[in-house]
Amino acid sequence: SKATVSVLYCRHLLRKMTCPDGKLWFYSNKGVYGCFSNFSAHPVVIEGKTYKTSEHYFQAMKFVGSDADVLEVMRADGPMKAAQMGRSRKRPLRRDWNAVKEEVMIKAIEAKFSQHADCRETLLASRGLFLVEHTANDTYWADGGDDSWDLETPERNLGRNRLGVLLTQLRERILSGEDGKPSGEKTLPEETPPKSDSDSAEGK
């Protein structure tokens, strides 16, 4: 089937492009692993509303309570613009954002990977590898550009790689059959970020 061919092709590329220590780096919204980025051109429907990308959804949720701001971010011309609007403190950031942002991210990626078969195939094809968002631009959702990032030694890492961790958890739950086919409305176990964490780069 086309799906089988797609998965096999992804696995072939994984052997060529993966870090030798069992990690798969991603960042760009282009190429084979572009769908791992929140900037990828995959609309998501969550609670009856359509968002141009998962980034649009994530950033819009910062302003729940201000319908005008949520709508403005939803309508942003591209994910980068949505991210810029979300990071701007000219809008009223919800007070509980640090407490809920991982829950919001989980809902965003579950929606994307349940609603787009191509994304789901690519995610499943990465089995056996730990996903790492690799960029110096982000020390919360990404690894902070740390070439030696290791889940087992968090105290040594430059970044927390939370997006990579959540994507890896989502993949494993799908593979284990715990959720069947994700609906985009369920949630995965998350690590609650400290209140002191602040936004700094893509996905904040």
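In what follows, the accompanying structure is described. Since this is a predicted model, take the numbers as computed values, not measurements.

1. Quick word on the nonpolar core
- Phe36, Tyr51, Tyr57, Ile109, Phe113 and Leu167 are the most contacted members of the largest nonpolar core, which has 39 residues in total.
- Counting residues per element, the ones that place at least two in this core are β1 (23-26), β2 (44-46), α2 (54-60), α3 (67-74), α4 (79-87), α5 (97-115), α6 (117-125) and α7 (162-176).
- When residues of this core are assigned to their parent elements, the largest contribution, 9 residues, is made by α5.
- Ignoring sequence-local partners within four residues, the contact set of tyrosine 51 consists of Pro43, Val44, Ile46, His56, Tyr57, Ala60, Met61 and Met74.

2. Digging into the pattern of salt bridges
- If you walk through the whole model with that rule in mind, you get 6 salt bridges.
- For arginine 94, the salt bridge identified is with aspartate 96, shortest N-O distance 2.7 Å.
- The salt bridge involving arginine 171 is made with glutamate 172; its shortest N-O contact spans 2.7 Å.
- The exposure class of arginine 171 is buried, given its relative accessible area of 2%.
- In this structure glutamate 172 comes out as partly exposed when scored by relative accessible area, which is 37%.

3. Re the environment of threonine 53
- Relative to the elements of secondary structure, threonine 53 occurs in the loop between β3 (49-51) and α2.
- Threonine 53 sits 16 residues away from serine 37 along the chain, and the two C-alpha atoms are 9.8 Å apart.
- Apart from residues lying up to four places away in sequence, threonine 53 is in contact with Asn38, Phe39, Ser40, Ala41, His42, Pro43, Val44 and Pro79.

4. Quick notes on the side chain of glutamine 59
- Examined against the element boundaries, glutamine 59 turns out to sit in helix α2.
- Take glutamine 59: its relative accessible area is 0%, and that puts it in the buried class.
- Engagement of the side chain of glutamine 59 in a polar contact is seen with the side chain of glutamate 55, the distance being 2.7 Å.
- Among the polar contacts made by the side chain of glutamine 59, one reaches the side chain of lysine 62 at a distance of 2.9 Å.

5. Here we look at the environment of glutamine 169
- Tracing the backbone through its elements, the reader meets glutamine 169 in helix α7.
- Considering only alpha carbons, one finds glutamine 169 and isoleucine 106, 63 residues apart in sequence, at a separation of 10.0 Å.

6. What about the packing of aromatic side chains?
- Counting across every chain of the model gives 8 aromatic pairs.
- Among the aromatic residues, those joined into a cluster by ring pairs are Phe26, Tyr33, Phe36 and Phe113.
- A cation sits over an aromatic face here: lysine 101 above tyrosine 140, 4.1 Å from the ring centre.

7. Focus on α7
- For α7, spanning 15 residues, the distance from its first C-alpha to its last is 21 Å, which sits close to the expected 21 Å at 1.5 Å a residue.
- Of all 15 residues making up α7, 11 are buried, and the element is well covered by its neighbours.
- Buried residues of α7: Arg162, Leu163, Gly164, Val165, Leu166, Leu167, Thr168, Leu170, Arg171, Arg173 and Ile174, and no others.
- Tucked inside the fold, the buried residues of α7 contact β1, α5, α6 and β4 (130-133).
- Directly after α7, the chain includes glycine 177, whose backbone phi takes a positive value near 80°.

8. A few points about α4
- For α4, the set of buried residues is Pro79, Ala82, Ala83, Met85 and Gly86. Down the axis of α4, the smallest arc covering the buried residues is 165°, so these residues share one side.
- Structurally, α4 contributes buried residues whose contacts are with α2 and α3.

9. Quick word on the packing of α5 against α7
- Remark: α5 packs on α7, axes separated minimally by 10 Å, with the N-to-C direction vectors making an angle of 50°. In terms of axis orientation, α5 runs oblique to α7. At the point where α5 passes α7, the crossing takes the right-handed sense. For the pair formed by α5 and α7, the contact residues are Glu102, Met105, Ile106, Ile109, Glu110 and Phe113 on the first element and Arg162, Leu163, Leu166, Leu167 and Leu170 on the second.
- Looking at the contact of α5 with α7 residue by residue, the class counts come to 8 nonpolar, no polar and 3 charged.

Rules used throughout
Residues numbered from 1 in each chain as written. Predicted model: local features only at pLDDT ≥ 70, side-chain atom pairs only at ≥ 80, totals over all residues. Heavy atoms only, no water. Core = buried A, V, L, I, M, F, W, Y, C linked by side-chain atoms within 4.5 Å. Buried < 20%, exposed > 50% of the residue type's maximum accessible area, 1.4 Å probe, protein only. Helix = DSSP H or I, 4+ residues; strand = E, 2+ residues; numbered from the N terminus. Contact = heavy atoms within 4.5 Å. Salt bridge = Lys/Arg side-chain N within 4 Å of Asp/Glu carboxyl O. Polar contact = N/O pair within 3.5 Å; in protein donor to acceptor, adjacent residues only side chain to side chain. Phe/Tyr/Trp six-rings, centres within 6.5 Å; stacked < 30°, edge-to-face > 60°. Lys NZ or Arg CZ within 6 Å of the ring centre and 35° of its normal. Expected span 1.5 Å × (residues − 1). Arc of directions from axis to C-beta. Axes fitted to C-alpha atoms, helices over the stretch in contact; angles between N-to-C directions. Parallel < 35°, antiparallel > 145°, perpendicular 65-115°, else oblique. Left-handed = near helix turned anticlockwise from the far one by under 90°. Nonpolar A, V, L, I, M, F, W, Y, C, P; charged D, E, K, R; others polar.

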